[in-house]
Amino acid sequence: MKFQPIFEKKERPLIVAGPCSAESEDQVLQTARALAKQDIDLFRAGIWKPRTRPNSFEGVGTVGLKWLKKVKEEVGLKVTTEVANAGHVYETMKYGIDVVWIGARTTVSPFAVQDIADALEGTDIPVLIKNPINPDLKLWIGAIERIYKAGITKIGVIHRGFSSFDDKTYRNTPRWQLPIELMQQFPDLTIICDNSHICGRRDILQPVAQKAMDLNFHGVMTETHPDPDNAWSDAKQQITPAVFKELMDSLVLRETISSNEDFLHNIEDLRSQIDLIDNEVLDLLGKRMQVADSIGEYKKRNNISILQPARWTEILEAAAAKGKVRGLSEEFIGKMLKAIHQESINHQETVMNKEHS
Ligand code: PEP
Ligand code: MN
């Protein structure tokens with residue numbers, strides 16, 4: 001697959017902002033006017049809202065498209081909304097919506113994604129695909145492939161985190177390794193971090209957006225509302241346009257690694273040093289296990305048990321002290337030695353259980 005950028009924009013970050021949901025014409029236009037002053041690239045607002053439980057606010061529906069059209073014509077911002085079925089796609093096309101996005105609950109369903117892909121066939125509307133709610137990279141890639149097969153090449157992805165039953169920090173655990181893997185497989189794919197749905201709260205939006213920038217994401221999508229506490233959906237995670245400005249101003253954009261020859265050279269050098277040291281560590285561990293084998297033999301001959309707690313405590317204490325001098329934490333030393341010790345015991349056991357030949 002070969003992707004084109006969503007927009008011709010040279011500098012990072014690509015900024016998508018706007019309310020979780022369009023609630024009224026006034027709320028939509030007020031937010032858009034405030035955000036237009038901040039040079040955002042794309043205004044977002046959900047019209048059809050996928051909600052976990054019925055009887056919550058499920059979006060204003062098609063009437064909201066008129067408001068988005070006004071944002072486009074009167075405020076001059078490009079606009080995007082979520083589509084979850086073919087009907088939504090046709091409606092958005094009627095109103096000239098610039099970009100559509102596929103939500104996390106839709107990406108999980110290949111039938112739904114295929115329906116959307118079929119409806120998009122023959123258009124060149126850019127499509128943003130959110131990760132599925134479960135951490136399944138193949139499912140995410142499958143959705144990208146379905147849209148791509150419909151002839152859309154302006155495809156981007158939105159990382160919005162993954163559902164988890166025990167995460168107390170995030171609403172949706174970021175699991176950064178998944179978007180990183182996706183970036184490695186598809187280097188020309190636009191990737192945007194939806195810090196709002198990852199965090200589910202306002203106080204950690206900044207570090208999550210910064211982390212995305214440090215990982216070379218192209219942009220951020222942040223929910224912005226004129227009166228966040230009274231938003232009809234996702235109130236806890238939305239911020240005012242003014243706070244959004246502070247957030248964007250605070251982001252530090254570090255040079256992308258690949259463009260700096262010197263950096264590449266130096267990092268290469270440091271990495272080869274690490275490789276050499278790792279080899280030595282492995283050699284030493286191999287040798288240590290050979291000694292463990294000999295001890296096993298010896299104990300067996302003398303009928304002594306493998307585990308000798310006093311000796312183990314002695315080793316741990318001595319190592320913790322030596323580690324401290326070398327800047328290694330006691331926790332690390334403990335974990336490392338436990339793993340090595342376990343491997344030694346396994347070796348000794350193998351030796352002791354071996355039948356005499
Ligand atoms: C949203 O962007 O408002 C939304 C519903 O997001 P997600 O599909 O990531 O839950
Ligand atoms: Mn939302």
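Since this is a predicted model, take the numbers as computed values, not measurements.

Engineer: How would you sum up the overall build of the protein chain? Please name residues and give values.
Structural biologist: Counting its regular elements, the protein chain contains 13 helices and eight strands. The C-alpha atoms of the protein chain give 27 Å as radius of gyration, which overshoots the globular expectation for 357 residues (21 Å, by more than 25%). Dimensions of the protein chain, computed from the C-alpha atoms along their principal axes, are close to 90 × 45 × 40 Å. Counting only residues that meet the buried cut, the protein chain has 44% of its 357 residues in that class. Looking at the protein chain alone, contacts between residues at least 24 apart form 73% of all its contacts between residues at least 6 apart.

Engineer: A description of the coordination of the manganese ion (ligand 2) should follow, citing residues and the corresponding values.
Structural biologist: Within the protein, the atoms that donate to the manganese ion (ligand 2) are Cys20 (SG), His197 (NE2), Glu223 (OE) and Asp234 (OD), at distances of 2.1 to 2.4 Å. Along the chain, the residues donating to the manganese ion (ligand 2) fall in the pattern C-x176-H-x25-E-x10-D. Here the residue Cys20 occupies a position in the loop between strand E1 (14–18) and helix H1 (25–36), and Glu223 occupies one in strand E8 (residues 219–223), the gap between them amounting to 203 residues. On the basis of relative accessibility, which here comes to 1%, the residue Cys20 falls in the buried class. Of the residues examined, Glu223 reaches a relative accessible area of 0% and is grouped as buried.

Engineer: Account for the sheet that holds E8, with residues named and values stated.
Structural biologist: Sheet architecture is closed into a barrel: eight strands sit in the order E1-E2-E3-E4-E5-E6-E7-E8, paired in parallel fashion. Taken pair by pair, the neighbouring strands of this sheet meet at an average axis angle of 25°, ignoring direction. Sheet topology note: the E1/strand E2 (residues 42–44) ladder contains two bridges and is parallel. Along E2, the bridge assignment pairs Val16 with Leu42. Those strands touched by helix H6 (residues 137–149) are strand E4 (99–102), strand E5 (127–130) and strand E6 (155–159), and its axis lies near 155° from that of E6.

Engineer: Tell me about the packing of aromatic side chains, and name the residues and values.
Structural biologist: Scanning the entire structure with this criterion turns up five aromatic pairs. Judged by centre distance (5.5 Å) and plane angle (70°), the ring pair of Phe3 and Tyr148 falls under edge-to-face. Within this pair, whereas Phe3 is found in the segment before E1, its partner Tyr148 is found in helix H6, the two being separated by 145 residues in sequence. Judged by centre distance (6.0 Å) and plane angle (80°), the rings of Phe3 and Phe186 are edge-to-face. One end of the pair, Phe3, is in the segment before E1; the other, Phe186, is in the loop between helix H7 (177–185) and strand E7 (190–194), with 183 residues separating them in the sequence. With respect to burial, Phe3 and Phe186 carry one shared label: buried.

Engineer: Tell me about the site of ligand 1, and name the residues and values.
Structural biologist: Neighbouring ligand 1 are Cys20, Arg44, Lys49, Glu82, Trp101, Gly103, Ala104, Arg105, Lys130, Arg160, His197 and Glu223. Between an oxygen atom of ligand 1 and a side-chain N or O atom of Arg44, the distance comes to 2.8 Å. For ligand 1, an oxygen atom lies 2.9 Å from a polar atom in the side chain of Arg105. Notes on ligand 1: free accessible area 300 Å², of which the protein chains cover 97%.

Engineer: I'd like to hear about the nonpolar core, residue by residue, with values.
Structural biologist: Phe43, Val71, Leu120, Ile129, Ile147, Leu182 and Phe244 are the most contacted members of the largest nonpolar core, which totals 68 residues. Ile129 has contacts with Ile102, Thr107, Trp140, Ala143, Ile144, Ile147, Ile155, Gly156, Val157 and Ile158, leaving out every residue within four places of it along the chain. Formed by eleven residues, the second largest nonpolar core is a distinct cluster that contains Leu42, Trp101, Leu128 and Ile192.

Procedures and definitions
- Residues numbered from 1 in each chain as written.
- Chains lettered and ligands numbered in written order.
- Predicted model: local features only at pLDDT ≥ 70, side-chain atom pairs only at ≥ 80, totals over all residues.
- Heavy atoms only, no water.
- Helix = DSSP H or I, 4+ residues; strand = E, 2+ residues; numbered from the N terminus.
- Rg over C-alpha atoms; globule rule 2.2 N^0.38 Å.
- Buried < 20%, exposed > 50% of the residue type's maximum accessible area, 1.4 Å probe, protein only.
- Contact = heavy atoms within 4.5 Å.
- Donors = N, O, S within 2.8 Å, 3.2 Å for Na, K, Ca; no water.
- Pairing = 2+ DSSP bridges.
- Axes fitted to C-alpha atoms, helices over the stretch in contact; angles between N-to-C directions.
- Phe/Tyr/Trp six-rings, centres within 6.5 Å; stacked < 30°, edge-to-face > 60°.
- Near = heavy atom within 4 Å.
- Polar contact = N/O pair within 3.5 Å; in protein donor to acceptor, adjacent residues only side chain to side chain.
- Areas by Shrake-Rupley, 256 points an atom, 1.4 Å probe, with all protein chains shown as cover.
- Core = buried A, V, L, I, M, F, W, Y, C linked by side-chain atoms within 4.5 Å.

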